[in-house]
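Geometric and topological summary
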Amino acid sequence: MDERTLQKILATQYGIESASLEFLREGGSHTYVVNGKEKNLLKVIGPAFFDTAKQSLSIMRYLAANDFPVPKIVLTESGEAFSEVEDDGEKKLIVLMEFIAGDEPELARCATEVGDLVGKFHGLMEKYPAEPAVHGREFFIDRYLGFLRQKNYPRIAEYEALGARLWEHVKDCPCGICHGDLHRGNLLQNENGEIFLVDFDTVCRAPLMFDVMTMCDMTDYFRLKPEDIEETLEVYQAFLIGYSAHHALSPEEIRSFPYWVAIRHYQLQATILEVYGVDCIDEAFIDGQLYWLTNWLREMEERNLL
């Protein structure tokens, strides 16, 4: 969709005249910065992502209505959260939202504050009036095992045994509505120090500890380093101070953290393979991940954390 067409949509649907557009990024959507009387973000979303985009908008509006720090949706002149248009025979969603000038916060400095934010988020989502997708063992463990079988990976039995062990230790963790992709890149801290939560496309019902772990895991995905382990454990402890003020975790949930770190490698690998295909990683890479997981669990056992 060219700039002139987008400018016309901004004028007719939002009453924004003579705005300039600056292309920002491409992913599940094309995102632009709109420089008009006010600065906004414009997303052009293809039909494959309509459902997740609409869910994300619904959640953002719900959170904003409850004074939770998220970017505000700019409504169309008819009061809608999005506009649906056709471009070259294909329907597109147009979404306009508040532009927040900010950067990813340094979590080691504000882990307690972020824990407070995530605790509030989980508490609010208990009353969210819709039910998202449910994610359990199939999503977190079995998807990746399925891809390994497709690749005829020779050490699949080791991954199967490890996956069963990991899930056994987390299967009873309480579930709630999770962000689903709660890494540090989905936080924005503005110049006033306020922290906003963004990107709700992967919201799901799952064990709440998955969100907690994703935010607190400071390890390098490819190389396990002692200093990263120390930072992860320090961030986790500080995060829990803020989080527990709003959402109490049982001792069993708190102790499940190391298992969730390992499970994330299964989950994330599966998602990568879904997006880029089974040939995007080779046997050596899969071996390397198994080595990482083995070392991580050994480190946790030596620290009496398992």
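In what follows, the accompanying structure is described. All of these numbers come straight from a predicted model, not from anything done at the bench.

With that settled, the discussion passes to the overall build of the chain. Looking only at helices and strands, the chain features 10 helices and 10 strands. A compact globule built from 306 residues should have a C-alpha radius of gyration of about 19 Å, and the chain, at 21 Å, falls within 12% of that. Taken along its principal axes, the extent of the C-alpha atoms in the chain is 65 × 45 × 35 Å. Burial statistics for the chain: of 306 residues in total, 48% are counted as buried. Sequence separation of at least 24 residues holds for 72% of the intrachain contacts in the chain that already meet a minimum separation of 6. If the 29 positive side-chain charges of the chain are averaged to one point and the 52 negative ones to another, these points end up 1 Å apart.

Quick look at the pattern of salt bridges now. Counted according to the given criterion, the structure contains 19 salt bridges. Put simply, Arg137 and Asp142 hold a salt bridge, and the shortest N to O gap is 3.2 Å. We classify Asp142 as partly exposed; its relative accessible area is 29%. Between Arg155 and Glu158 there is a salt bridge, with its nearest N and O atoms 2.8 Å apart. Take Arg155: its relative accessible area is 33%, and that puts it in the partly exposed class. Take Glu158: its relative accessible area is 38%, and that puts it in the partly exposed class. Through salt bridges with shared partners, a single ionic network connects Asp87, Glu90 and Lys92.

Below, the discussion takes up the packing of aromatic side chains. Under the definition given, this model contains 19 aromatic pairs. With a centroid separation of 5.3 Å and 70 degrees between ring planes, the pair formed by Tyr62 and Tyr128 is classed as edge-to-face. Remark: Tyr128 occurs in the loop between α3 (107-125) and α4 (137-150) and Tyr62 occurs in helix α2 (residues 50-65); sequence separation between them is 66 residues. A residue is classified by how much of its surface remains accessible, and Tyr128, at 11% relative accessible area, is buried. Judged by centre distance (6.0 Å) and plane angle (25 degrees), the rings of Phe140 and Trp167 are stacked. Of this pair, Phe140 sits in helix α4 while Trp167 sits in helix α5 (residues 156-170), and the two are 27 residues apart along the sequence. Grouping residues by exposure puts Phe140 and Trp167 together as buried. Pairwise contacts between aromatic rings join Phe139, Phe140, Trp167, Phe210 and Trp260 into one cluster. Note that Lys39 overlies the ring of Phe99, its terminal NZ or CZ placed 4.9 Å from the centroid. Above the ring of Phe139, the side-chain terminus of Arg143 is found at 4.0 Å from the ring centroid.

A few words on the packing of α2 against α3. Between α2 and α3, the least distance of the axes is 11 Å, while the angle of their chain directions is 105 degrees. For the element pair α2 / α3, the angle class is roughly perpendicular. Contacts between α2 and α3 pair Ile59, Tyr62 and Leu63 from the former with Phe121, Leu124 and Met125 from the latter. Its residues assigned to classes, the contact of α2 with α3 comprises six nonpolar, no polar and no charged.

What follows covers the packing of helix α9 (residues 257-276) against helix α10 (residues 283-302). Viewed as axis vectors pointing N to C, α9 and α10 meet at an angle of 170 degrees, and their least axial separation amounts to 9 Å. Taken together, the axis directions place α9 and α10 in an arrangement best described as roughly antiparallel. Contacts between α9 and α10 involve Pro258, Val261, Ala262, His265, Tyr266 and Gln269 from the former and Phe285, Gln289, Trp292, Leu293, Trp296 and Met300 from the latter. Broken down by class, the residue content of the contact of α9 with α10 amounts to nine nonpolar, three polar and no charged.

Attention shifts here to the sheet that holds strand β8 (residues 187-190). Pairing is antiparallel across the open sheet formed by three strands, whose spatial order is β6-β8-β9. Whereas interior strands pair on both sides, the edge strands pair on one side only; in this sheet they are β6 (102-103) and β9 (195-197). As paired strands, β8 and β9 are joined by three bridges and run antiparallel to one another. Bridge pairing in β9 links Leu187 to Leu197. The strands touched by α3 within the sheet are β8 and β9, with β9 carrying the most contacts at an inclination of about 40 degrees.

Rules of the game
Residues numbered from 1 in each chain as written. Predicted model: local features only at pLDDT ≥ 70, side-chain atom pairs only at ≥ 80, totals over all residues. Heavy atoms only, no water. Helix = DSSP H or I, 4+ residues; strand = E, 2+ residues; numbered from the N terminus. Rg over C-alpha atoms; globule rule 2.2 N^0.38 Å. Buried < 20%, exposed > 50% of the residue type's maximum accessible area, 1.4 Å probe, protein only. Contact = heavy atoms within 4.5 Å. Lys, Arg positive; Asp, Glu negative; His and termini not counted. Charge placed at Lys NZ, Arg CZ, Asp CG, Glu CD. Salt bridge = Lys/Arg side-chain N within 4 Å of Asp/Glu carboxyl O. Phe/Tyr/Trp six-rings, centres within 6.5 Å; stacked < 30°, edge-to-face > 60°. Lys NZ or Arg CZ within 6 Å of the ring centre and 35° of its normal. Axes fitted to C-alpha atoms, helices over the stretch in contact; angles between N-to-C directions. Parallel < 35°, antiparallel > 145°, perpendicular 65-115°, else oblique. Nonpolar A, V, L, I, M, F, W, Y, C, P; charged D, E, K, R; others polar. Pairing = 2+ DSSP bridges.

Geometry only, nothing functional implied.
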